[in-house]
Amino acid sequence: MKKIVCLLTLLCSGIVFSQNEQLAQNYFDKGDFEKAKISFEELLKAQPYNSLYFQKVVECEQQLQQFELADKAIQDRIKFVHQTSLLVELGYNFQLRKDGVNAKKYYEEALGAIEKSPNEVYNIATTFEKKSLLEYALKSYELALTLEPKFNFNFQMALLYGQMGNTDMMIEKFLTEAYANPQNNVMIQNQLTRFMTEDADVNFNESLRKALILKTQKSQDVFWNDYLSWFYVQQKEYGKAFIQQKAIYRRNPETFSNIVNLAQLAIEEGDKETAKEIFQFVLENTKDLDLLIQSHTYLMQLRIDQATEKEYPAVASELDLLLKEFGISPYSLSLQILQAHFTTFYLKNSETGKNILKTALNLPLNEYQKADVKMELADILLYEEKFNQALIYYSQIENDLKNAVVGHEASLKAAKTSYFKTDFQWAQKQFKELKSASTQLIANDALEYFLLINDNTVADSTQTALKQFAHADYLLYQNKNQEALSQFQSILKSFKGQEIEAVTLYRLGKVYEKLGDDNTALTQYQAIIDQHKDGIYIDEAYYFAAEIYNKQHNTEKAKAYYEQIIFHHEDSIYYTDARKKFRQLRGDTTL
């Protein structure tokens, strides 16, 4: 019983102590330094060795301009705990009083403490940095390194150089550390990426590129080729990244994994030409069955995306030949799924598409392969307007692979199926949940549909326009582009000036682009810019209009539209790309 009472007493005193600390900090945060000082002094009495409480007492005295009291407190503390970092505190107290001579005296004493014992650098350098005395922090590390060369402060020194604006030295220190300790590479690349995406120093990217090129020239280690490839990927220059990956492969022809990953990234970012070049390279340099099939699948997908209707028979023949070459097996599953999709959505033969997939389901597949087949089968059932059957398959995938990306994708497709059915209430509930999905693309897609349903339900409780819009979207899904165009144009006429107008113009722009009619697409985007400047599709209109002008080599127009995003839509998902492309058009060499 006594033990329980003791434990309860300790617990209660701990809670009270925590509350007192929070109260003291609240006073400090509000600028009530008199009360904060009294509170922290009480806490310090209870825990005399607590350096945080002591520091807060001194800071309160400094805020109250009680510099003599702070001076005495620090001097007494030095005698009490013998911490050499307190010399920095003492010097800083003089600096606040504009006494540079005494400040420098104690800063030099702190450096002298490192000369006597290099291990003191950890506390002293950190204290200098906390006081924004970056030069002295740097001197501390440099001094310790001259005394103990085995020390490693590359990362800390790189951060200091960065704060001081010496980005060349920052780069050098980060790269030195990356090579010496590759386990720290992710952390270093995160720091470099932060500088690469900021406007503070437009020369940074060029400096980093030159430093990496120099490393590749001086060393035969593929580490630097890989680092340069990483740099080009950050710049979305996938062709240049591929040159580095080829150099790595020629010296170490054991794996294609990085090269294939690069190709997939290029596809995601719309650089189809680089993706083609990479997959052709893979085909020419491997006999690995998985890689051969994977490369052929991606190349065929790219071929389908760019094919005209006249070329469909040739594409169908190529798919047949590839499946004859590789056979019907789990290995060639990606080609079988692609053939089923092409047969349904392009050749308009859904029965044959379903038969291909039903045959595939009889193969010995793992759960992820089965999910891929079921997903395509559900897509075809949705194409056939068999909404409920499609939902059954999507639900099976959701239940079987809840936490996998494919499970979230199935959830999104199920929500879209409800949307196509005009079951907007249920679709809205699903889109709301998917807005916070871990996969950014799924989250963005869900958010777009959530806003579409929400905005157009508020504007029109009967949802008449929304129902027609959902049907037009469904026609797009079925790859019936001309029918979709007619439906969207009809919506524009029937609901002119209403909430649905802006998103309809945006859809029309994307369809015209898909059909290769860039000038008509521009007309739709310009209508959004002229008539819906305050709407949610304005950044899309500026960006895709700029993209078309850029493609047409109308540099001034493209620059003007990218600039609109840079200066007026900083929260847009197109902001980073717009800024980079604007700089390219402006002729910057520092990208």
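Residues numbered from 1 in each chain as written. Predicted model: local features only at pLDDT ≥ 70, side-chain atom pairs only at ≥ 80, totals over all residues. Heavy atoms only, no water.

> I tried to follow the overall build of the protein on my own but got confused; where do I start?
Each helix and strand counted, the protein has 32 helices and zero strands in total. Expressed along its principal axes, the backbone C-alpha trace of the protein runs to roughly 90 × 65 × 65 Å. Here the protein holds 591 residues, and the buried ones make up 49% of them. Sequence separation of 24 or more characterises 50% of the internal contacts of the protein that already satisfy a separation of 6 or more. Computing the positive centroid from 65 side-chain charges and the negative centroid from 80, the protein places the two 2 Å apart. (Helix = DSSP H or I, 4+ residues; strand = E, 2+ residues; numbered from the N terminus. Buried < 20%, exposed > 50% of the residue type's maximum accessible area, 1.4 Å probe, protein only. Contact = heavy atoms within 4.5 Å. Lys, Arg positive; Asp, Glu negative; His and termini not counted. Charge placed at Lys NZ, Arg CZ, Asp CG, Glu CD.)

> Which parts of the structure should I look at to understand the packing of aromatic side chains?
How two aromatic rings sit relative to each other is set out by the distance from centre to centre and by the angle between their planes. Counted under the stated rule, the structure contains 48 aromatic pairs. Both rings, one in Phe387 and one in Tyr474, keep their centres 5.6 Å apart while their planes meet at 55°; by these two values the pair is tilted. Here Tyr474 lies in helix H26 (residues 464-477) and Phe387 lies in helix H22 (residues 387-400), a separation of 87 residues in the sequence. Using a relative accessible area of 18% as the deciding quantity, one classes Phe387 as buried. (Phe/Tyr/Trp six-rings, centres within 6.5 Å; stacked < 30°, edge-to-face > 60°.)

> Which parts of the structure should I look at to understand unusual backbone geometry?
Outside of glycine, negative phi angles account for most residues, and trans bonds account for most peptide bonds. In this structure, Lys348 is a non-glycine residue whose phi angle is positive, near 60°. As for its placement among the helices and strands, Lys348 is situated in the loop between helix H19 (333-345) and helix H20 (350-361). Here Lys348 falls in the partly exposed class, since its relative accessible area comes to 41%. With a phi close to 60°, Gln463 is a non-glycine residue in the positive phi region. Along the polypeptide, Gln463 turns up in the loop between helix H25 (440-459) and H26. By relative accessible area, which is 17% here, Gln463 ends up buried.

> In this structure, what is going on with the environment of Ser486? I would like to understand it.
Residue position: Ser486 is located in helix H27 (residues 481-494). Once the C-alpha coordinates of Ser486 and Leu382 are considered, the two residues, 104 residues apart in sequence, prove to be 21 Å apart.

> When you look at the packing of helix H16 (residues 272-285) against helix H17 (residues 289-306) in this model, what are you seeing that I'm missing?
The angle between the axes and the distance between the axes are what describe a pair of packed helices. The geometry of H16 relative to H17 is characterised by a closest axis approach of 9 Å and an angle of 150° between their N-to-C directions. Accordingly, the angle class assigned to the pair H16 and H17 is roughly antiparallel. H16 and H17 meet at a crossing whose hand is left-handed. Where H16 abuts H17, its residues Lys272, Glu273, Ala275, Lys276, Phe279, Gln280, Val282 and Leu283 lie against Leu291, Leu292, Ser295, His296, Tyr298, Leu299, Leu302, Asp305 and Gln306. A breakdown of the residues in the contact of H16 with H17 according to their chemical character gives nine nonpolar, four polar and four charged. (Axes fitted to C-alpha atoms, helices over the stretch in contact; angles between N-to-C directions. Parallel < 35°, antiparallel > 145°, perpendicular 65-115°, else oblique. Left-handed = near helix turned anticlockwise from the far one by under 90°. Nonpolar A, V, L, I, M, F, W, Y, C, P; charged D, E, K, R; others polar.)

> Please clarify how the packing of H17 against helix H18 (residues 312-326) should be interpreted in this entry.
One can describe the packing of H17 onto H18 by two numbers: an axis separation of 11 Å at closest approach and a directional angle of 175°. In terms of orientation, H17 lies roughly antiparallel with respect to H18. Within the contact between the two elements, H17 uses Leu289, Leu292, Ile293, His296, Met300, Arg303 and Ile304 and H18 uses Ala314, Val315, Glu318, Leu319, Leu322 and Phe326. Classifying every residue of the contact of H17 with H18 by side-chain character gives ten nonpolar, one polar and two charged.

> What exactly am I supposed to notice about helix H28 (residues 500-514) here?
One full turn of an α-helix is made of 3.6 residues, so residues set three or four places apart face in the same direction. In this model H28 runs 21 Å from its N-terminal to its C-terminal C-alpha over 15 residues, within 8% of the 21 Å that 1.5 Å per residue would give. Along H28, the residues classified as buried are Ile500, Glu501, Ala502, Val503, Thr504, Leu505, Tyr506, Arg507, Leu508, Gly509, Val511 and Tyr512. If you follow the buried residues of H28, they end up packed against H25, H26, H27, helix H29 (518-531) and helix H30 (538-551). Where H28 ends, the next residue or the one after it, Gly516, has phi of about 85°, a positive value. (Expected span 1.5 Å × (residues − 1).)

> Before we go on, may I ask you to explain the nonpolar core in this structure?
Judged by nonpolar contacts, the single largest core of 116 residues is most densely connected at Phe128 and Tyr227. Per-element accounting of this core gives the leading share, eight residues, to helix H13 (residues 222-234). Aside from chain neighbours lying at most four places away, what touches Phe128 is Val88, Tyr107, Ala110, Leu111, Leu133, Tyr136, Ala137 and Ser140. In this structure, Ile397, Phe420, Val511 and Ala545 belong to the second largest nonpolar core, which totals 78 residues. (Core = buried A, V, L, I, M, F, W, Y, C linked by side-chain atoms within 4.5 Å.)

> How should I be thinking about the confidence of the model for the protein in this particular structure?
In low-pLDDT regions, the fine details of the predicted coordinates are not to be read closely. Residues of the protein with pLDDT of at least 70 account for 95%, and the chain-wide mean is 92. When pLDDT is averaged over each element of the protein, H19 comes out on top at 98 and helix H1 (residues 2-30) at the bottom at 65. Overall, residues 5-14 carries pLDDT values under 50, and its contacts beyond four positions in sequence, including any with other chains, amount to zero contacts. (pLDDT = per-residue confidence, 0-100.)

> What is the right way to look at the pattern of salt bridges in this model?
Between side chains of opposite charge, a pair can form when the charged atoms approach closely. All chains considered together, the criterion is met by 28 salt bridges. In this structure, Lys581 and Glu547 form a salt bridge, with 3.0 Å as the shortest nitrogen-oxygen distance. One end of the pair, Lys581, is in helix H32 (residues 575-586); the other, Glu547, is in helix H30, and 34 residues separate them in sequence. (Salt bridge = Lys/Arg side-chain N within 4 Å of Asp/Glu carboxyl O.)

> Help me out: how do you make sense of the side chain of Lys246 in this one?
Looking at the secondary structure, you find Lys246 in helix H14 (residues 238-251). Buried within the structure, Lys246 lacks any salt-bridge partner; its nearest side chain of opposite charge belongs to Glu277, at an N-O separation of 4.1 Å.

> Explanation requested: the environment of Phe67 in the structure shown.
If you trace the backbone, Phe67 turns up in helix H4 (residues 67-81). Residues contacting Phe67, with those up to four places away along its chain left out, are Glu61, Gln62, Asn93, Leu96 and Arg97.

> It is not clear to me how H22 should be interpreted in this structure. Could you clarify?
Between its first and last C-alpha atoms H22 spans 20 Å; for 14 residues at 1.5 Å apiece the expected length is 20 Å, and the two agree. Three or more residues of H22 are buried, namely Phe387, Ala390, Leu391, Tyr394 and Ile397. Viewed along the axis of H22, the buried residues span an arc of 125°, placing them on a single side of the element. For H22, the exposed residues lying more than 90 degrees away from the buried face are Asn388, Asn399 and Asp400. In this structure, the buried residues of H22 make contact with helix H21 (367-383), helix H23 (405-420) and H26. (Arc of directions from axis to C-beta.)

> Any chance you could explain the environment of Glu384 here in plain terms?
Inspection of the secondary structure assignment puts Glu384 in the loop between H21 and H22. For Glu384, a relative accessible area of 19% puts it in the buried group. On a C-alpha basis, the gap between Glu384 and Thr462 in space is 27 Å, while along the polypeptide they are 78 residues apart. Excluding residues that lie within four positions of it along the chain, Glu384 makes contacts with Ser350, Glu351, Lys354 and Tyr474. At 2.6 Å, the side chain of Glu384 forms a polar contact with the side chain of Ser350. (Polar contact = N/O pair within 3.5 Å; in protein donor to acceptor, adjacent residues only side chain to side chain.)

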